[in-house]
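So you can see what is in the structure, the chains are spelled out below.
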Amino acid sequence: MSVQILAEYLEYLEVEKGLSTNTIDAYRRDLSDFWDFCSSKGVEDLENVARQDISLYILKLHDDKYSSTSIMRKIASMRGFFKWLCANGGCKSDPTLTIEQPKLPKRLPKVISVKEIEEILHQDLNDTQKVIIELLYGCGLRVSELSELDISNINIKGKYLQCLGKGSKERIVPLGSKAIAALKRYLPKREFIINKFNLKENHLLLTEEGREINRQDIYNFVHEQGKKIHKTISPHTLRHSFATHLLENGADLRVVQELLGHSDVSTTQLYTHISKKRLKDVYFAINK
């Protein structure tokens, strides 16, 4: 696969499909990894890639202990690429057409309780860290959405924020009283950092050294907070908990769908299963 063909495809994903930088990077890694495998087997031309090559690659992924989710993503990356390649005359037949997706185990998203959220917030957190928790849990943001927020995306007076979700879809998310209070404490500190380092910075979350707080910073911070409540958690755990707690308290499914930025309500419906499971667990714990 030439560098030019890959670059053209990634440009298509960005311009035509409106995919985020993180998603495009994932496509780049997946396709480069697949082509490295093909090259190691002596396949030097995209026209010569056969279904057997893809089947052998998938078998290698299983041997390398990749999860079903990761394998599904890599298959989706290959399917999207070859569909585009055939449509643009770069390939006569699509070798991915009859490839089967691995079956995913039915696994409900991990959530934590309101009490555990409160335990985290009652730790010795600074103003920046409290904003991170309040926006992940109180607004149900994805970690990429949070890390990419600009100061202009926050409207404290209007009590909402704007963020870009998957596919660069913009959505409005209400800010609750606790998130607003956390932001009001943090923003003067941010202004002090801006002035201290003479920055021309629009990024919302900054370290005390004036550096942008990125996705990995947020992952590491949330993971450390999980240890304090003896749980392994990620930023997505807080998003899952946000949705589950809303539904448990009577929120309409369609409203939660809008708040999460899901394009399909069936994705949001998964959280109703979590709520039912949690209710059963509580019932049987009481009635032992």
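See above for the structure.
We now turn to the structure provided with this report. (Residues numbered from 1 in each chain as written. Predicted model: local features only at pLDDT ≥ 70, side-chain atom pairs only at ≥ 80, totals over all residues. Heavy atoms only, no water.)

## Focus: the packing of aromatic side chains
Here comes step 1: Applying the stated rule across the entire model yields ten aromatic pairs.
Here comes step 2: Between tyrosine 9 and tyrosine 12, the aromatic rings sit 6.0 Å apart at their centres with planes inclined by 25°, giving stacked as the arrangement. Placement of the pair is tyrosine 9 and tyrosine 12 together in helix 1 (residues 3-15), with a separation of three residues, close to one helical turn.
Here comes step 3: You can call tyrosine 9 buried: its relative accessible area is 2%.
Here comes step 4: Geometrically, the ring pair formed by tyrosine 9 and phenylalanine 81 is edge-to-face, given 5.2 Å between the ring centres and 80° between the ring planes. On the criterion of sequence distance, the pair formed by tyrosine 9 in helix 1 and phenylalanine 81 in helix 4 (residues 68-87) is long-range, its members being 72 residues apart.
Here comes step 5: Relative accessible area serves as the criterion here: at 1%, phenylalanine 81 is assigned to the buried category.
Here comes step 6: In textbook terms, an aromatic cluster arises when at least three aromatic residues are bridged by ring pairs, as seen for Tyr9, Tyr12, Tyr27, Phe34, Phe37, Tyr57, Phe81, Phe82 and Trp84. (Phe/Tyr/Trp six-rings, centres within 6.5 Å; stacked < 30°, edge-to-face > 60°. Helix = DSSP H or I, 4+ residues; strand = E, 2+ residues; numbered from the N terminus. Buried < 20%, exposed > 50% of the residue type's maximum accessible area, 1.4 Å probe, protein only.)

## Concerning the pairing of strand 3 (residues 170-174)
Here comes step 1: Here strand 3 shows a buried face lined by Arg171 and Val173 and an unburied face lined by Glu170, Ile172 and Pro174.
Here comes step 2: Direction of pairing for strand 2 (residues 160-164) relative to strand 3: antiparallel, over a ladder of five bridges. Its bridge partner being in strand 3, cysteine 163 is matched across the sheet by arginine 171.
Here comes step 3: The turn joining strand 2 and strand 3, which pair antiparallel and follow one another in sequence, is formed by five residues; a positive phi near 70° is taken by glycine 167. (Pairing = 2+ DSSP bridges.)

## Side note on helix 4
Here comes step 1: Spanning 20 residues, helix 4 covers 28 Å between terminal C-alpha atoms, matching the ideal 28 Å at 1.5 Å per step.
Here comes step 2: Where helix 4 is concerned, the buried positions are Ser70, Ile71, Lys74, Ile75, Ser77, Met78, Phe81, Phe82, Trp84 and Leu85.
Here comes step 3: In this structure, the buried residues of helix 4 make contact with helix 1, helix 2 (21-40) and helix 3 (51-63).
Here comes step 4: Two residues or fewer past helix 4, glycine 89 is found with a positive phi of approximately 75°. (Expected span 1.5 Å × (residues − 1). Contact = heavy atoms within 4.5 Å.)

## A word on the sheet that holds strand 3
Here comes step 1: Reading across from one edge, 1-2-3 is the order of the three strands in this open sheet, with antiparallel pairing throughout. Two strands close off the open sheet at either side, each with one partner strand: strand 1 (154-155) and strand 3.

## Examining the nonpolar core
Soluble globular proteins: nonpolar side chains tend toward being buried together.
Here comes step 1: Among the nonpolar cores identified, the biggest contains 47 residues, and Leu135 and Leu161 are the most heavily contacted of them.
Here comes step 2: No other element matches helix 8 (residues 177-196), which puts seven residues into this core.
Here comes step 3: Non-local contacts of leucine 135, meaning those with residues more than four positions away in its chain, are made with Gly140, Leu141, Leu146, Leu149, Leu161, Leu175, Ala179 and Leu204.
Here comes step 4: By size, the runner-up hydrophobic cluster in this structure holds 27 residues, among which are Ile24, Val43, Tyr57 and Met78. (Core = buried A, V, L, I, M, F, W, Y, C linked by side-chain atoms within 4.5 Å.)

## A closer look at the pattern of salt bridges
Here comes step 1: Scanning the entire structure with this criterion turns up eleven salt bridges.
Here comes step 2: For the salt bridge of arginine 73 with aspartate 30, the shortest nitrogen-to-oxygen distance reads 2.7 Å. Linking arginine 73 in helix 4 with aspartate 30 in helix 2, this pair joins segments that are 43 residues apart in sequence.
Here comes step 3: Since its relative accessible area comes to 37%, arginine 73 is described here as partly exposed.
Here comes step 4: On the accessibility criterion, aspartate 30 (2% relative accessible area) is buried.
Here comes step 5: Sharing partners across several salt bridges, the network here consists of Asp30, Asp33, Arg73 and Lys74. (Salt bridge = Lys/Arg side-chain N within 4 Å of Asp/Glu carboxyl O.)

## Some words on the side chain of histidine 203
Here comes step 1: Within the secondary structure, histidine 203 sits in the loop between helix 8 and helix 9 (215-228).
Here comes step 2: Engagement of the side chain of histidine 203 in a polar contact is seen with the backbone oxygen of serine 147, the distance being 2.8 Å.
Here comes step 3: Setting aside residues no more than four positions away along its own chain, histidine 203 makes contact with Ser147, Glu148, Leu149, Asp150, Ile151, Arg190, Glu212 and Ile213. (Polar contact = N/O pair within 3.5 Å; in protein donor to acceptor, adjacent residues only side chain to side chain.)

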